Amino acid sequence: MNSLTLKQFQDQVSELLLRHRSLLDVLSKFQQSNAAVNRSVIKSITECGCIEVNAAKQAYYPDMTMEEARVTLGTHVEGHLCENCMEAVSSELGTNLFYMSALGNILDVNLEKVVENESKKCSTLGFFNMS
Ligand SMILES: [Zn+2]
């Protein structure tokens, strides 16, 4: 399983897609699964309490170096997901990835290419332009 490629996963999703072949069905499930990811993260904060959010305006300026940014800019997260929350968040992300793959299959979008292009974009644009 550790050498599973995105392409293999996308093919696997394609075989399971018989019940969700409609673009409209897949779009709505994709959106729903995204909301479920957010919900699982929020429950880690408000119900479990293993992570907390402590947020304020980011002290950002455009010509910051990478190192300055790493030290100054925060994630606003304190703590780490406990085992249960890690499992819940991971599982919801997996479902979201399933429907993303399904969407890719229906529209002939190759996710491996998507990742490849996004990675190229990351190395070309650099840290501050990824928003
Ligand atoms: Zn937790």
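The structure this text deals with has already been given above.
Remember, predicted model here, so these are calculated numbers, not experimental data.

### Side note on the environment of S90
Phase 1 of the analysis: You can see S90 is positioned in helix 4 (residues 83–106).
Phase 2 of the analysis: Of the residues examined, S90 reaches a relative accessible area of 39% and is grouped as partly exposed.
Phase 3 of the analysis: On a C-alpha basis, the gap between S90 and S40 in space is 9.2 Å, while along the polypeptide they are 50 residues apart.
Phase 4 of the analysis: From its side chain, S90 meets the backbone oxygen of M86 in a polar contact 2.7 Å long.

### Some points on the coordination of the zinc ion
Phase 1 of the analysis: Every protein donor of the zinc ion is listed here as C48 (SG), C50 (SG), C82 (SG) and C85 (SG), and their distances to the metal cover 2.3 Å.
Phase 2 of the analysis: Between consecutive donor residues of the zinc ion, the sequence gaps follow C-x1-C-x31-C-x2-C. Placement of C50 in the loop between helix 2 (23–48) and strand 1 (51–53) and of C85 in helix 4 is noted, with a sequence separation of 35 residues between them.
Phase 3 of the analysis: Judged by relative accessible area, which is 18%, C50 ranks as buried.
Phase 4 of the analysis: Judged by its relative accessible area of 9%, C85 falls in the buried class.

Basis of the calculations
- Residues numbered from 1 in each chain as written.
- Predicted model: local features only at pLDDT ≥ 70, side-chain atom pairs only at ≥ 80, totals over all residues.
- Heavy atoms only, no water.
- Helix = DSSP H or I, 4+ residues; strand = E, 2+ residues; numbered from the N terminus.
- Buried < 20%, exposed > 50% of the residue type's maximum accessible area, 1.4 Å probe, protein only.
- Polar contact = N/O pair within 3.5 Å; in protein donor to acceptor, adjacent residues only side chain to side chain.
- Donors = N, O, S within 2.8 Å, 3.2 Å for Na, K, Ca; no water.

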